[in-house]
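Remarks on the overall topology
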There are 2 protein chains.
Amino acid sequence: MDINNYIFDKALKAKEASRKLAYLSAEEKNKALISMSEALINNETFILEQNEKDLKEGKSNGMTEALLDRLALNHKRIEDMALGLKNVASMGDPVGQVLKMWRRPNDLQIGQMRVPLGVIGIIYEARPNVTVDAAALCIKSGNAVILRGGKEAINSNKAIADTIIKAGELSGLPKGSIQLIEVTDREGVNCMMKLNGYIDVLIPRGGSGLIQNVVKNSTVPVIETGVGNCHVYVDEDADLEMAENIVVNAKTQRPAVCNAMETLLVHKNAAPKFLPKLGETLKALGVEIRGCTETEKYIKDIVSAEEKDWETEYLNLILAVKVVNSMDEAMDHIYKYGTKHSEAIITNNYKNSQRFLNEVDAAAVYVNASTRFTDGSEFGFGAEIGISTQKLHARGPMGLEQLTTTKYIIYGQGQTRK
Amino acid sequence: MDINNYIFDKALKAKEASRKLAYLSAEEKNKALISMSEALINNETFILEQNEKDLKEGKSNGMTEALLDRLALNHKRIEDMALGLKNVASMGDPVGQVLKMWRRPNDLQIGQMRVPLGVIGIIYEARPNVTVDAAALCIKSGNAVILRGGKEAINSNKAIADTIIKAGELSGLPKGSIQLIEVTDREGVNCMMKLNGYIDVLIPRGGSGLIQNVVKNSTVPVIETGVGNCHVYVDEDADLEMAENIVVNAKTQRPAVCNAMETLLVHKNAAPKFLPKLGETLKALGVEIRGCTETEKYIKDIVSAEEKDWETEYLNLILAVKVVNSMDEAMDHIYKYGTKHSEAIITNNYKNSQRFLNEVDAAAVYVNASTRFTDGSEFGFGAEIGISTQKLHARGPMGLEQLTTTKYIIYGQGQTRK
């Protein structure tokens, strides 16, 4: 089999399906999503059998416990996926929303209407629930979707995709709306990245190796997600009790995710009072601290931070700490090492809060709150396909709206241009 | 000189400038734009001298009259560029606009604020006025700009860029905000297309060869502009007098631009009454008609259309004409051959107008108006950096707003995530 032909054929079918999907009513889309949800529940035994194959393979290949946990399905996880589909069905349809409409002096009435992007390619790793979540959001927003999961989860993904594709098409989704790439050679991804005109956007989800490969090599437009080297800056005018709560939350509540804090910056005037107590608290929570030489004066027995610590997204219970001479130094540090994901200042100083909000360039900039809130659900979007760290098209948590584009609709009465 | 180092150095300086530009007040930016405008007027003699060099070179290289006309500057054109700068100064500043702001159940207040993209690269051909127009829009929207014009206009561009850069910096623009690439090797463009992390977006402006080269080879995000194979569909329920006016306007008012009509589709029931008279009118206006066999029954002595006529953006007084059996056939034709730029239906049938607006996928979809209105000024945007024909980020005419992204600003009172 020629892999390029195989991928092209999938993309062509998705493109054809997307034309009809674009003007399916919300009622029709919701009906399909609910059928898909029910089918997942009904096919649980088969899906778990197939998942077992992947797990066995993973174990024999020495997959880590953490990865095996991401890969594993069980009754609860299948129920969650099914609930997720129903949740997306219950959300409002972004397609057809008119964002604004105005009348020109010549009486042309111009409106800007949300419409689907067309065909969305999702490239992801070993988490089989992405197969369902991504498909649900793409279908609800009127897009066809091409799913390319990792080879570690291929049996699970096939079983899930089979189930939702059949159920969706039986309840009226255009044939080809959901496509799974069953060949997991890297060549397939290379081919997807060049299908301008067939795939409208690629969204890579996973580790930074995967994401950077797609960003660097794709000529199809990409939405970059995920990498977050996030900072919390504790200003000299901070409420130190609030600062400690936020630092603990941003570092330890779920350290393996992109909106967790990786580096703490502390104003030199706050450091003597703030750092000793914080050090005790963090150590008790099992956090390894890597500090600058100033930090080492206030927290004993820690690792000395090196240049690479400022750059690293640990995704783990490790925290880099630096004492700075001013807010400007903190903002310079963020500018140099940050990934423009989520940045926070803890302060009661009005002027500093305003400067930080205005001058720090990131998807989400916080005053007196934890960076962990950068999330579709926490922002109130209902669901999330990822967190964009790029500037074009979508920035920050992406929900259904970010999977659409707009078109101008113009109502005339015979106007011609002078 | 190493061209890669040269381009990288320009991009780095632009990036540094963009950090300060991002939070310059509208007052400061407007002051710079007005100084730039005045400097252009004061430097007219020098700019015209340099332009003369380009024209001489162009003539000796056998440049066509049309290209020489695009390249040529004179008192009026310099005045127009200077006026353009003042016009942009008078427009509202998109930076800092908060599009929406809401309060979450936990009392976090989340706002979505417009901010500049950062560094914008413009790759264009022989029109020196783009140097001024693009710089003005980028600066007003808080972005640094890297200008890479064609080698045919290099002396004119150097003179213009020198003038506005000096004037801008003297009145307080951060050094490096406007950069001209003075080396016009193709290698320079290749280098710009790989500068992810330094250039935030590339906007190619010019012929389809230039645009496709950038789209196909750039890993920096691109906004695709320009190509328009636009259609007008005359429905069986059309007001035929209105239809003729619109067809004549869309084809002949300015045939060399991307929003001009290239193919006319006519319902078979309208054809017998509509086409004979239209044929006479168009012939009298010097339009060459290339028709399908049905069309040839109604308009005599025309060229027989071939497959390639349906695909061609003539940008000239040539019109392809096809008689269709139904609106569905018209929409299929547009789907197959259109470039998703501007499409129009002429009809008095309510249902058909609604179906056309909903089902045709293009940046601008019209009922009973000329496709020629797809334009930033005509839409009321004040100025235009191009017309996006892609779906991501911006679609249709792009003004200042389309040169921005957003960031979320979050006001907390110590919230942590549960």
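Thresholds, definitions, all that
- Within each chain, residue numbers correspond to sequence positions counted from 1 in written order.
- Naming scheme: in the order in which they are written, chains are lettered from A and ligands are numbered from 1.
- Owing to the predicted nature of the model, reporting of local features is limited to residues with pLDDT of at least 70; listing and counting of side-chain atom pairs is limited to 80 or more, with chain, interface and lining totals taken over all residues.
- Calculation of side-chain values draws on the structure's entire complement of heavy atoms; hydrogens and water are dropped beforehand.
- Note on conventions: DSSP H or I runs of at least 4 residues are helices, E runs of at least 2 residues are strands, and numbering of each starts at the N terminus.
- Computation of the radius of gyration draws on C-alpha atoms alone. For the globule rule, the value is 2.2 Å times the number of residues to the power 0.38.
- By definition, residues are in contact when any of their heavy atoms lie within 4.5 Å.
- All accessible areas in this document rest on Shrake-Rupley with a 1.4 Å probe, and a residue is counted as covered only by the protein chains that are shown.
- When charges are tallied, Lys and Arg are placed among the positive residues and Asp and Glu among the negative ones, while His and the ends of the chain are skipped.
- One atom stands in for each charge, and that atom is NZ of Lys, CZ of Arg, CG of Asp or CD of Glu.
- Segment limits for the domains were obtained from an automatic or database-derived domain assignment.
- Copy-to-copy superposition: least squares on the C-alpha atoms, limited to residues that have pLDDT of at least 70 in both copies.
- Helix span is expected to be 1.5 Å times the residue number reduced by one.
- Three exposure classes are used, based on accessible area relative to the maximum for each residue type with a 1.4 Å probe and protein chains only: buried under 20%, partly exposed in between, and exposed over 50%.
- Each direction from the helix axis to a C-beta atom contributes to the arc, which is the arc of those directions.
- The buried area of a pairing is the accessible area, by a 1.4 Å probe, that goes missing from both parts when the two are put together, added over both.
- Salt bridges are identified by distance alone: a Lys or Arg side-chain nitrogen within 4 Å of an Asp or Glu carboxyl oxygen.
- Any N or O atom pair separated by 3.5 Å or less is treated as a polar contact, with the protein-specific requirement of one donor-capable and one acceptor-capable atom, and with residues adjacent in sequence counted only for side-chain atom pairs.
- Each residue is assigned to one class: nonpolar for Ala, Val, Leu, Ile, Met, Phe, Trp, Tyr, Cys and Pro, charged for Asp, Glu, Lys and Arg, and polar for all the others, Gly among them.
- Of the grid points, spaced at 1 Å and generated over the protein atoms alone, those admitting a 1.4 Å probe that cannot get out make up cavities, while open sets with protein on both sides within 12 Å along at least five of seven lines make up pockets; any residue with an atom within 4 Å of a point is treated as lining.
- Grid points are joined across faces, edges and corners, and a volume is the space filled by probe spheres set on the points.
- In this analysis, strands are considered paired if DSSP registers two or more bridges between them.
- The convention used is that axes are lines fitted to C-alpha atoms, helices contributing only their stretch in contact, and that angles between N-to-C directions extend from 0 to 180 degrees.
- UniProt positions are given in the numbering used here, feature names are shortened, and annotations may be inferred rather than shown by experiment.
- Ring pairs shown here join Phe, Tyr and Trp side chains whose ring centres sit within 6.5 Å, with only the six-membered ring taken for Trp; geometry is labelled stacked below 30 degrees between planes, edge-to-face above 60, and tilted in between.
- Distance and angle both matter: a charge sits over a ring if NZ of Lys or CZ of Arg is within 6 Å of the ring centre and within 35 degrees of the ring normal.

Along its length, chain A carries 16 helices and 16 strands. The globule rule puts the C-alpha radius of gyration for 418 residues at 22 Å, and the 24 Å found for chain A is close to it. The principal-axis extent of the C-alpha atoms belonging to chain A is close to 70 × 65 × 35 Å. Pairs at least 24 apart in sequence give 72% of the contacts found in chain A among residues at least 6 apart. About 16,400 Å² of surface is accessible on chain A, with carbon and sulfur atoms providing 48% of the total. The averaged location of the 54 negative side-chain charges in chain A is 6 Å from the averaged location of its 50 positive side-chain charges.

Another aspect to go through is the domain arrangement of chain A. Under the domain assignment, chain A is made up of domain 1 (3–224 + 393–411) and domain 2 (230–377). Taking only C-alpha atoms into account, the centre of domain 1 of chain A sits 35 Å from that of domain 2 of chain A.

The next point concerns the relation of the copies chain B and chain A. The relation between the two copies of this chain is a rotation about an axis and a shift parallel to it. Superposing chain B onto chain A takes a rotation of 180° plus a shift of 0.0 Å along the axis, which leaves an RMSD of 0.0 Å. Accordingly, the operation relating the two chain copies is best matched by a two-fold axis. Closest approach to the rotation axis within chain B is made by the C-alpha atom of B:His393, at a distance of 1.8 Å. When the interface residues of chain B are mapped onto chain A, 100% of them are again interface residues, pointing to one common binding face.

Residues lying three or four places apart along an α-helix face the same way, a consequence of the helix completing one turn every 3.6 residues. Residues and elements named next belong to chain A. For helix H3 (residues 44–60), spanning 17 residues, the distance from its first C-alpha to its last is 24 Å, which sits close to the expected 24 Å at 1.5 Å a residue. Turning to H3, its buried residues are Glu-44, Ile-47, Gln-50, Asn-51, Asp-54, Leu-55 and Gly-58. Along the axis of H3, the buried positions cluster into a sector of 150°, meaning they face one direction only. Opposite the buried face of H3, at more than 90 degrees from it, the exposed residues are Thr-45, Lys-56, Lys-59 and Ser-60. Phi turns positive, to about 75°, at Gly-62, one or two residues after H3.

Residue and element names in this part refer to chain A. In this structure, Asp-107 is a non-glycine residue whose phi angle is positive, near 80°. Along the polypeptide, Asp-107 turns up in the loop between strand E1 (98–103) and strand E2 (109–116). Judged by its relative accessible area of 38%, Asp-107 is partly exposed. Of note in the backbone geometry, Asn-368 takes a positive phi value of approximately 55° without being a glycine. Among the structural elements, Asn-368 can be located in strand E13 (residues 364–369). By relative accessible area, Asn-368 is classed as buried at 6%.

Reports of interface size often rely on the accessible area that becomes lost once the parts have come together. Across the contact, 77 residues belong to chain B and 77 residues belong to chain A. Summed over both sides, the interface of chain B with chain A buries roughly 6,200 Å², with 53% coming from carbon and sulfur. When the area that chain B buries against chain A is broken down by residue, the three leading residues are B:Leu392, B:Tyr408 and B:Arg417, summing to 14%. There are 10 salt bridges connecting chain B and chain A. The salt bridge involving B:Glu378 is made with A:Arg417; its shortest N-O contact spans 3.3 Å. Remark: the boundary between chain B and chain A carries 46 residue pairs in polar contact (both at pLDDT 80 or more). If you tally residues by element for the side of chain B that touches chain A, the top one is strand E16 (residues 404–415) of chain B, at 11 residues. Here the residues of the side of chain B that touches chain A are counted per class, giving 33 nonpolar, 26 polar and 18 charged.

Before going further, it helps to spend a moment on empty space enclosed by the protein. Residues and elements named next belong to chain B. The full count for this structure, using the stated rule, is 1 cavity of 30 Å³ or more. Put simply, the largest cavity is a space of about 30 Å³. Around the largest cavity, the lining residues are Ile-164, Ile-165, Gly-168, Glu-169, Leu-173, Pro-174, Ser-177 and Ile-178. It is helix H7 (residues 154–170) that provides the largest number of residues to the lining of the largest cavity, a total of 4 residues. Classifying every residue of the lining of the largest cavity by side-chain character gives 5 nonpolar, 2 polar and 1 charged.

On to the sheet that holds strand E6 (residues 201–205) of chain A. Residue and element names in this part refer to chain A. Read across the open sheet, the 4 strands follow the order E5-E4-E3-E6; overall the sheet is parallel. Strand pairing shows two members of the sheet lacking a second neighbour, strand E5 (178–180) and E6, which therefore form its edges. Recorded for the sheet is a direction-independent mean angle of 20° between the axes of neighbouring strands. Where strand E4 (residues 144–148) lies against E5, 3 bridges are found, and the strand directions are parallel. Among the inter-strand pairings, Val-145 is bridged to a residue of E5, identified as Ile-178. Relative to the sheet, helix H6 (residues 129–140) contacts strand E3 (119–124), E4, E5 and E6, its axis offset from that of E3 by approximately 165°.

In the numbering used here, UniProt assigns the "domain: Aldehyde dehydrogenase" (unreviewed entry) feature to residues 13–287 of chain A. End C-alpha to end C-alpha, residues 13–287 of chain A measures 50 Å, and it is 51% helix and 16% strand.

This part takes up the packing of aromatic side chains. For the structure on display, the rule yields 12 aromatic pairs over all chains. Look at A:Phe8 and A:Tyr198: their rings are 4.9 Å apart centre to centre, the planes differ by 70°, and that puts the pair in the edge-to-face class. Note that A:Phe8 is positioned in helix H1 (residues 3–21) and A:Tyr198 in the loop between helix H8 (186–192) and E6, a separation of 190 residues in sequence. A:Phe8 sits in the partly exposed class, given a relative accessible area of 31%. Relative to B:Phe381, the ring of A:Tyr408 lies with its centre 6.3 Å away and its plane at 55°, an arrangement referred to as tilted. Within this pair, whereas A:Tyr408 is found in strand E16 (residues 404–415), its partner B:Phe381 is found in the loop between helix H16 (376–379) and strand E14 (386–388), the two belonging to separate chains. Given the relative accessible area of 2%, A:Tyr408 is considered buried. Taken together, the aromatic side chains of A:Trp102, A:Tyr408, B:Phe379 and B:Phe381 make up a single cluster linked through ring pairs. Directly above the aromatic system of B:Tyr335 lies the positively charged group of A:Arg19, at a separation of 4.2 Å from the ring centroid.

Here we come to the pattern of salt bridges. Using the criterion set out here, one finds 47 salt bridges over all chains in the structure. Among the salt bridges present, the one from B:Lys391 reaches A:Asp200, with a minimum N-O distance of 3.8 Å. In this pair, B:Lys391 is assigned in the loop between E14 and strand E15 (396–398) and A:Asp200 in the loop between H8 and E6, connecting two distinct chains. The network of salt bridges with shared partners includes A:Asp200, B:Lys340, B:Asp361, B:Lys391 and B:Arg395.

This next bit is on the environment of A:Leu403. All names here are of chain A. Its place among the elements puts Leu-403 in the loop between strand E15 (396–398) and E16. Expressed as a C-alpha distance, the spacing of Leu-403 and Asn-143, which sit 260 residues apart in the sequence, is 7.9 Å. Sequence-distant contacts of Leu-403, defined by excluding residues within four places in its chain, comprise Pro-116, Leu-117, Ile-120, Leu-137, Cys-138, Ser-141, Asn-143, Ile-203 and Ile-385.

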